[in-house]
Every structure is written in C-alpha cells, then in structure tokens.
Amino acid sequence: MKSKPALPPELEQALAHHLLDRLPLTFQPFFRQQLGRWQYLFPFEQRYLLRILTYLQNLNQHEFETLFRGILEIEKRMDLGHHEFVTSANTIGNASLLARSPYYQQWRQAVQVVFDRIDRDTPAAESARGARSENRLIMLILPDRLPIDPQTVWAKWAGIGQEIDLDLAQPSAPHAMLHTLFGASSEADTGKPRLLDVLAQRSGRNLKDVWAIEAGTQLWELLGGIDPKREKPAAMTLSWARLKAFREGLSEQINGIRKDLADADAVYARLRTIDVSAWCPPEIGTDPVVRDFTRELFLSGNGALIFGSAFVEWAAAENLRLARPSVLVACFGIRNKPKPFTSVAVFENQDKASPLPDVEDLPGSMLDAEVLARYVWWASARYPEYKTRTAILCLAENVPRALLSAPPDFPLERGKQHVKLERLGEALADWLT
C-alpha cells in the first residue's frame, strides 16, 4: 500500500489542479483515503470516484462555490480549524469530533444535499443499463438446526415476497437441501442447466460477479472450488469460519489499544498497511482487492470479528454497496453463548479466555439470522441495479417453505402446489442464463 497507485489520466489531471485542496475540510479525508488505495477498490468504486471527481473538476468557480456553500458555512460554525482534524484519511478521532458537534445533523444533511446534486447531474448510466438488461439473484439462507416454525418463519416479512411451499425429501446428508437446489447432488443429465453450472459460467467470466458469504463452510464446500474436477470456483467465497486466523490476528492487535483515540487511530492505521496474507485462506490470499475488502470488513463492521451472522450481514451489505455483484448467496450461522467472566466488547477470544465448553445459543442465533437477513434484503433495495431485474430467494434449511420476490417473468409457476427443489433450482438457473 505504500507505493503510489496508478490513477486514470482524468484523476491525475484533477490532482494536478489541486482539486482535493479545494474541497471542504470534511470531504478531504474520504477522497484522499480512497485515492490512496485505488488499486484495492472494486471496479464499481473506481468508476464512482472517477465520476464524482471528474464532475467536480469540470465545475467553474461559481458552480463549485455554490455546490459547497452550505457545507462550508457549517464547517465554519464547527470551528474545525482549531482542532486536530486529519485530512489524509478517515479516523476515529475525526468521527468523534464530528459526532460531538452540535451541528452534526445539519452537516450530515448538507453532505446529502451535495451528493444528491451530483447524482442528479451525473447519472450513473452504466448502472441504469445494468439494472435493465441483466437478471440478478440474491439468496438468503437461514441455517439448519434453528428453532424455526415452518408456518410462521416468514411472517415478519409480510408484503415483501410470496411464500412458496417446497416438496422436500428427507435430508440424507448435511446440507442436502442446498446440494439439491444447486444441482450438485444429481449425476443425471436432464438437458437443463444446473444452477451450479450457471454460476460457474458467470464466475468464469468475472469471479467477483458471483459471491458466497457465510458463517460456516457449506457454501465454500459447494461453490468454492474444493472439487478437484472443477477448474475454477463457482463463486468468490468469504467464510467466517475459514477466516479464523485472520480474525484472531486482528483481534489480538485491537485488544492492545490503549484507551485513547490517538492510539486507536495509530493501531487501525497500522492494521490497514500490514501484510495479512499469512492470515488468509487460499481463496482470498492471492487477491489483493478481496483481501483488503476483508480487512476493512473486520476493522469497520460492528460485531463482524466475533459473531458469524454479524459478519455475513455486514459483508453482504458492503459487497452490494461496493462491488454490485449479479449474484450474492449469504448463509447465516449459529453462535455460542458468551462465557461467564469474559467480554465480547473487547473482542476477547472466548476459547482462550475460559476453559468452559462452548454452548450453542439457538434461540439467539435464530433472532440474529432472521433480523440480519432482512437487513441484507433492505440494503439491496437502495441500489438501482437490484430494483428491477432481481430475484430474491429466502430459504431456511430443511424447512418446506421459502420466500420469493421476483419480477413477473421469473420462470416458476405460481400457485399453491408444492415445488420440488430441483424445479426451483432449474428456475433460478434459467433466470440467470
């Protein structure tokens, strides 16, 4: 990260004209930090920055001053010049300083006004085209063994999808439902594409267009490429369980922070520059963009270091925001109860801190998965890519009732009859073909 990233000519020109120095003080940390890590950004992030900064560079002096007048007036009232406000990167100290200001809410509203104006003046044409032309899929999975009532599992989701009765066979192996849905358990050639094959074709063109994010390892085993017969993985997988070394390495560093903001900022700045390759599983260790994305998830996500389902929700929401994949599969997990006389607030390793055996918290895990899955659903609704041609399927493993939200032309017969998993998998594959 220490080497200067190669920027597009348009951005080099904007920097040569001191664009960043002309921005309001509170805008500079974000843009300087993002440009400093340009090579670690997803293509969508790069296009977004290029669009905004090119727009700002092309404004004349009067237009530039008019756009930022409200922000500058609020910053003047905040009196940030008399404080140690860092302009090189976003810091905990900066966030604390802004949040304590009596003008914080006014500042946030003024920031939104600026970005709304930029979005109106520079519509993301490629996003609009992608939203119209490409079918997308978001799949949210509640794990097996949770105390789920099939009759009420989707009751709190009323109005945002259609419930579908599934015809399930008795599970003959762990996660048999997922294997059947994706077509991994069938050797017969039916002449119809399997969902697994369709995902592999998409990931073959662009691996970062198909993502599987999970608390356990079932999706990694199914989609992540451990099958020696598969040349490439069917998805880019992030497994909280497989990231154990990564989590423990960061937690140990974070727990050493002294109780002051300056030390916290120094530790977090160092963690954003150290080589974490040794902590990474092979599927992400060689990809600098995914590796850095994972690091940021753990350094910024509330609970992502200590709870698998919190990691899944945060990773999925950030993935939708920053990468805009065409397929996202997210599977939540089961957490253990915190052990007595230990603390999760400081990311304490429960296994090392207490000799007591682990005890699963199934009711708590059920509440986590139910709420956090809805958060992912709502997060997708914020972006134009997922507003028109997106099918969202919610499943609970081994529960004969699913929830589907899809456009009218989604290729599945709508009715009260039970739907076989194989037929649902075929419909998903057809939708993405």
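Computed from a predicted structure; not experimentally measured. (Residues numbered from 1 in each chain as written. Predicted model: local features only at pLDDT ≥ 70, side-chain atom pairs only at ≥ 80, totals over all residues. Heavy atoms only, no water.)

Asks: Would you mind showing me how to read the overall build of the protein here?
Replies: Along the protein, the regular secondary structure elements total 19 helices and eight strands. Residues classed as buried in the protein amount to 49% of the 433 residues present. For the protein, restricting intrachain contacts to residue pairs at least 6 apart in sequence, the fraction spanning at least 24 positions comes to 72%. Working note: accessible area of the protein is about 21400 Å², and carbon and sulfur atoms make up 53% of it. (Helix = DSSP H or I, 4+ residues; strand = E, 2+ residues; numbered from the N terminus. Buried < 20%, exposed > 50% of the residue type's maximum accessible area, 1.4 Å probe, protein only. Contact = heavy atoms within 4.5 Å. Areas by Shrake-Rupley, 256 points an atom, 1.4 Å probe, with all protein chains shown as cover.)

Asks: Please explain the packing of aromatic side chains as it appears in this structure.
Replies: For the structure shown, the criterion picks out 15 aromatic pairs. Between Tyr375 and Trp378, the ring centres sit 6.0 Å apart and the planes meet at 45°, which makes this aromatic pair tilted. One end of the pair, Tyr375, and the other, Trp378, are both in helix H18 (residues 362-380), three residues apart, so they sit about a helical turn from each other. You can call Trp378 partly exposed: its relative accessible area is 43%. With a centroid separation of 5.5 Å and 55° between ring planes, the pair formed by Phe410 and Trp431 is classed as tilted. Of the two residues, Phe410 is situated in the loop between strand E7 (401-405) and strand E8 (419-420) and Trp431 in helix H19 (residues 421-432); the sequence distance between them amounts to 21 residues. Of the two residues examined, Phe410 and Trp431, each falls in the buried class. The structure contains a cluster of three or more aromatic residues connected by ring pairs, namely Phe27, Phe64, Phe68 and Phe115. Lying over the aromatic face of Phe64, Arg22 brings its terminal NZ or CZ to 4.2 Å of the ring centre. The ring of Tyr386 has Arg136 lying over it, and the distance from NZ or CZ to the ring centre is 5.2 Å. (Phe/Tyr/Trp six-rings, centres within 6.5 Å; stacked < 30°, edge-to-face > 60°. Lys NZ or Arg CZ within 6 Å of the ring centre and 35° of its normal.)

Asks: Would you mind showing me how to read the pattern of salt bridges here?
Replies: Charged atoms that come close allow side chains of opposite charge to pair. Evaluation of the coordinates by the stated rule reveals 24 salt bridges. Residue Glu385 pairs with Arg324 through a salt bridge whose shortest N-O separation is 2.9 Å. Pair noted here: Glu385 is in the loop between H18 and strand E6 (390-396) and Arg324 is in the loop between helix H16 (308-322) and strand E5 (327-331), with a separation of 61 residues, a long-range link. (Salt bridge = Lys/Arg side-chain N within 4 Å of Asp/Glu carboxyl O.)

Asks: Looking at this structure, how should I read the side chain of Thr390?
Replies: Within the secondary structure, Thr390 is located in strand E6. Within the structure, Thr390 has its side chain in polar contact with the backbone oxygen of Tyr386 (distance 3.5 Å). Residue contacts for Thr390: discarding those within four places in its chain leaves Arg136, Ile138, Glu385, Ser405, Ala406, Pro407 and Trp431. (Polar contact = N/O pair within 3.5 Å; in protein donor to acceptor, adjacent residues only side chain to side chain.)

Asks: Would you explain helix H5 (residues 61-78) in this entry?
Replies: Note: α-helices contain 3.6 residues per turn, so residues at a spacing of three or four share the same orientation. The terminal C-alpha atoms of H5, which comprises 18 residues, lie 24 Å apart, in line with the 26 Å expected from a rise of 1.5 Å per residue. For H5, the complete set of buried residues consists of Phe64, Leu67, Phe68, Ile71, Ile74, Glu75 and Met78. On its buried face, H5 is in contact with helix H2 (19-22), helix H4 (43-58), helix H6 (92-100) and helix H7 (104-121). Between a side-chain oxygen at the N-terminus of H5 and the backbone nitrogen of His62 the separation is 3.1 Å; the capping residue is Asn60. Asp79 sits one or two positions beyond H5 and adopts a positive phi of about 60°. (Expected span 1.5 Å × (residues − 1).)

Asks: Sorry if this is basic, but what is going on with the packing of helix H1 (residues 9-16) against H4 here?
Replies: What describes two packed helices is the angle between their axes and the distance between those same axes. Direction vectors running N to C along H1 and H4 enclose 45°, while the axes themselves pass 10 Å from each other. When the interaxial angle is binned, H1 and H4 end up oblique. The two elements H1 and H4 cross, and the hand of that crossing is left-handed. Contacts between H1 and H4 involve Glu10, Leu11 and Ala14 from the former and Leu50, Leu53, Thr54 and Gln57 from the latter. Taken together, the residues of the contact of H1 with H4 break down into four nonpolar, two polar and one charged. (Axes fitted to C-alpha atoms, helices over the stretch in contact; angles between N-to-C directions. Parallel < 35°, antiparallel > 145°, perpendicular 65-115°, else oblique. Left-handed = near helix turned anticlockwise from the far one by under 90°. Nonpolar A, V, L, I, M, F, W, Y, C, P; charged D, E, K, R; others polar.)

Asks: Looking at this model, I keep getting lost on unusual backbone geometry. Mind explaining?
Replies: Comment: phi is negative for the bulk of residues other than glycine, and the bulk of peptide bonds are trans. A positive phi angle is found at Arg145, which is not glycine, with a value near 75°. Take Arg145: it is sitting in the loop between strand E1 (136-142) and strand E2 (162-167).

Asks: Where do I start with the confidence of the model for the protein in this structure?
Replies: The predicted coordinates ought not to be read in detail in places where the model reports low pLDDT. In the predicted model, the protein carries a mean pLDDT of 88, and 89% of its residues have values of at least 70. Low pLDDT, under 50, characterises residues 125-132; the predicted model gives this stretch eleven contacts beyond four residues in sequence or across chains. (pLDDT = per-residue confidence, 0-100.)

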